[in-house]
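Structural characterization, general
Listed here are the chains, written in short residue letters.
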Amino acid sequence: MSNRTKGILCIIASAFCFALMSTFVRLSGDLPSVQKSFFRNFVAMFIALAVLLKEGGGLKLQKGCLPLHLLRSIAGTLGILGNFYAVDHLVLSNASMLNKMSPFFVLVFSYFILKEKLKPTQVVIVAVAFLGSLFIIKPVPTNLDVLPSLAGFFGGLCAGFAYTMVRAMGLKGERGALIVFFFSAFSCAVTLPYLILRFTPMTGYQLAMLLCAGLSAAGGQFTITKAYTFAPAREVSVYDYTQIIFTTVIGYLLFRQKADAWSILGYALIIGAAVVMFLYNNGKLGRPAKERT
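All values derive from a computational prediction rather than experimental measurement.

Moving on, we get to the overall build of the protein. Of the regular secondary structure elements, the protein holds twelve helices and zero strands. Its C-alpha atoms give the protein principal-axis dimensions of about 60 × 55 × 35 Å. The 293 residues of the protein split such that 47% are buried. Here the analysis covers contacts within the protein between residues at least 6 apart in sequence; of these, 88% occur between residues at least 24 apart. Summed over all atoms, the accessible surface of the protein reaches about 13,800 Å², with 71% contributed by carbon and sulfur. Counting 26 positive and 10 negative side-chain charges, the protein places the averaged centre of each group 7 Å from the other.

To continue, consider helix α5 (residues 102-113). Relative to the 16 Å expected for twelve residues at 1.5 Å per residue, α5 spans 15 Å between its end C-alpha atoms, a close match to the ideal helical length. Considered for burial, the residues of α5 that qualify are Ser102, Phe104, Phe105, Val106, Phe109 and Ser110. The elements touched by buried residues of α5 are α4 (92-99), α6 (120-137), α7 (146-171) and α12 (261-281). Directly after α5, the chain includes lysine 115, whose backbone phi takes a positive value near 60°.

In this structure, the second largest pocket occupies an estimated 160 Å³ of space. Contributing to the lining of the second largest pocket are Val51, Glu55, Arg175, Gly176, Ala177, Val180, Gln221, Phe222, Thr225, Lys226 and Thr229. Looking at the lining of the second largest pocket, the elements that each hand over two or more residues are α2 (33-55), α8 (176-197) and α9 (204-230). Considering every element that reaches the lining of the second largest pocket, the biggest residue donor is α9, with five residues. Residue classes in the lining of the second largest pocket are distributed as four nonpolar, four polar and three charged.

This part takes up unusual backbone geometry. Here lysine 115, not a glycine, exhibits a phi torsion of approximately 60°, which is positive. Summarising the element assignment, lysine 115 is placed in the loop between α5 and α6. Lysine 115 gets classed as exposed once you look at its relative accessible area, which sits at 66%. Here the phi dihedral of arginine 256 falls at roughly 55°; this positive angle occurs in a residue that is not glycine. Here arginine 256 is to be found in the loop between α11 (242-255) and α12. With a relative accessible area of 55%, arginine 256 lands in the exposed category.

Turning next to the confidence of the model for the protein. Of all residues in the protein, 97% attain a pLDDT of 70 or more, and the chain-wide mean is 90. The secondary-structure element of the protein with the lowest mean pLDDT is helix α10 (residues 233-236), recorded at 74, while helix α3 (residues 66-89) shows the highest, at 96.

Moving on: the packing of helix α1 (residues 3-27) against α11. It is the contact of α1 with α11, at a shortest axis distance of 8 Å, that shows an interaxial angle of 35°. The handedness of the crossing between α1 and α11 comes out as right-handed. Residues Ile12, Ala15, Phe16, Phe18, Ala19, Leu20, Ser22, Thr23, Arg26 and Leu27 of α1 lie in contact with α11, whose contacting residues are Thr242, Gln243, Phe246, Thr247, Ile250, Leu254 and Phe255.

This part is about the pattern of salt bridges. Pairing of side chains with opposite charge becomes possible as their charged atoms draw close. Counted according to the given criterion, the structure contains four salt bridges. In this structure, aspartate 260 engages lysine 138 in a salt bridge whose closest nitrogen and oxygen atoms are separated by 3.3 Å. Placement of aspartate 260 in the loop between α11 and α12 and of lysine 138 in the loop between α6 and α7 is noted, with a sequence separation of 122 residues between them.

This part takes up the packing of aromatic side chains. Enumeration over the complete set of coordinates arrives at twelve aromatic pairs. Look at phenylalanine 42 and phenylalanine 46: their rings are 5.0 Å apart centre to centre, the planes differ by 70°, and that puts the pair in the edge-to-face class. Residue phenylalanine 42 and its partner phenylalanine 46 are both found in helix α2; the two are separated by four residues, about one turn of the helix. Owing to a relative accessible area of 46%, phenylalanine 46 belongs among the partly exposed residues under this scheme. Arranged with centres 5.3 Å apart and planes meeting at 90°, the rings of phenylalanine 109 and phenylalanine 161 form a pair that is edge-to-face. Here phenylalanine 109 is found in helix α5, whereas its partner phenylalanine 161 is found in helix α7, with 52 residues between them in sequence. Each member of the pair, phenylalanine 109 as well as phenylalanine 161, is classed as buried. Ring pairing ties together the aromatic residues Phe105, Phe109, Phe130, Phe153 and Phe161, which thus form one cluster. Sitting over the face of the ring of phenylalanine 183, arginine 72 holds its NZ or CZ atom 4.1 Å from the ring centroid. Its end group placed over the ring of tyrosine 252, arginine 256 keeps NZ or CZ at 4.9 Å from the ring centre.

Cut-offs applied
Residue positions are counted from 1 within each chain, in the order its sequence is given. Totals for whole chains, interfaces and linings use all residues, but because this is a predicted model, local features are given only for residues with pLDDT of at least 70 and pairs of side-chain atoms are given and counted only at 80 or more. Side-chain metrics rest on all non-hydrogen atoms present in the structure, leaving aside hydrogens and water. The helix and strand labels rest on DSSP assignments: H or I over at least four residues marks a helix, E over at least two residues marks a strand, and numbering proceeds from the N terminus. Buried residues are those whose accessible area, probed at 1.4 Å on protein chains only, stays under 20% of the maximum for their type, while exposed residues exceed 50% and partly exposed ones sit between those limits. Whether two residues are in contact is decided by their heavy atoms: any pair within 4.5 Å suffices. Shrake-Rupley sampling with a 1.4 Å probe provides the accessible areas, and residues are treated as covered by the protein chains on show and by no other component. Think of it this way: Lys and Arg go in the positive column, Asp and Glu in the negative one, and His and the chain ends go nowhere. By convention, the point assigned to a charge is CZ for Arg, NZ for Lys, CD for Glu and CG for Asp. The length a helix should cover is 1.5 Å for every residue beyond the first. A cavity, in this analysis, means grid points on a 1 Å lattice covering only the protein atoms where a 1.4 Å probe fits yet has no way out; a pocket is instead an open set bounded by protein on both sides within 12 Å along at least five of seven lines, and a residue lines either one if it has an atom within 4 Å of a point. Grid points are joined across faces, edges and corners, and a volume is the space filled by probe spheres set on the points. Polar here means any residue other than Ala, Val, Leu, Ile, Met, Phe, Trp, Tyr, Cys and Pro, which are nonpolar, and Asp, Glu, Lys and Arg, which are charged; Gly is therefore polar. Note on scores: pLDDT gives the predictor's confidence for each residue, bounded by 0 and 100. Note on geometry: axes are lines fitted to C-alpha atoms, helical ones only across the stretch in contact, with angles between N-to-C directions running from 0 to 180 degrees. Note on convention: the crossing is left-handed when the near helix lies turned anticlockwise from the far helix by less than a right angle, right-handed when the turn is clockwise. Each reported salt bridge corresponds to a side-chain nitrogen of Lys or Arg within 4 Å of a carboxyl oxygen of Asp or Glu. Stacked, tilted and edge-to-face are the three classes applied to pairs of Phe, Tyr and Trp rings, where Trp contributes its six-membered ring and a pair requires centres within 6.5 Å; stacked means planes under 30 degrees apart, edge-to-face means over 60, and tilted covers the rest. In our convention, an over-ring charge means Lys NZ or Arg CZ found within 6 Å of a ring centre and within 35 degrees of that ring's normal.

The structure is reproduced here in structure tokens:
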């Protein structure tokens, strides 16, 4: 099996894990998003710590990575809160699709922060993706779901910034397990005071759902990290959108959810933009030969 095939399988596994995470978050019922975030990251923190102990090397950060860790953790925590709020109030596939705006935000943030070039074709593709997100959000006064939709969009924006920080740390040689551990520990620390002061009692079922969400999230984080060790993002990233297929099927089977026509149009635009970006980045849409790598 080639490394590219392994990368594709890993990223599809990651998409399935994150779809399960959203499902378990929804199944945990009417609990504050902050409380759900804590348990999601609490499980991931210990799994990441176990991986770090197995790998050795301790908790020493690479030089210059502490500010990047903090920025990644703040943005990541806000992103999770926005995404969980959307998951609780929207059709599951809508929440997932808004969160999948993050790869396009990575391009934008990488341009401004990492000074990575952004070609005119890529700018047009990002604009199409944003247009698709508007069809899902439907920002009109009569849409009662506009607030959770904006929360989901904000979650995708924050996730894009967080992934940009992850990329910056990767360029400095920071370990993936350490990035996951730092973020999970930070998120638990900042949400713990809320949990102590305003804890909402949970049933055994709700606790089990949140622990399953944490396990699924950890599986998603580690498999997506593994995917990008097997193959470049430009070769496998488009397969992350299989999460929409998983959440659409799960949302219908478990919650009898159906996306409306405008949302489906938004899906088509965003996924279409992702596919075009994938083809463009792989030099299959007429890029000049000198730009191909």
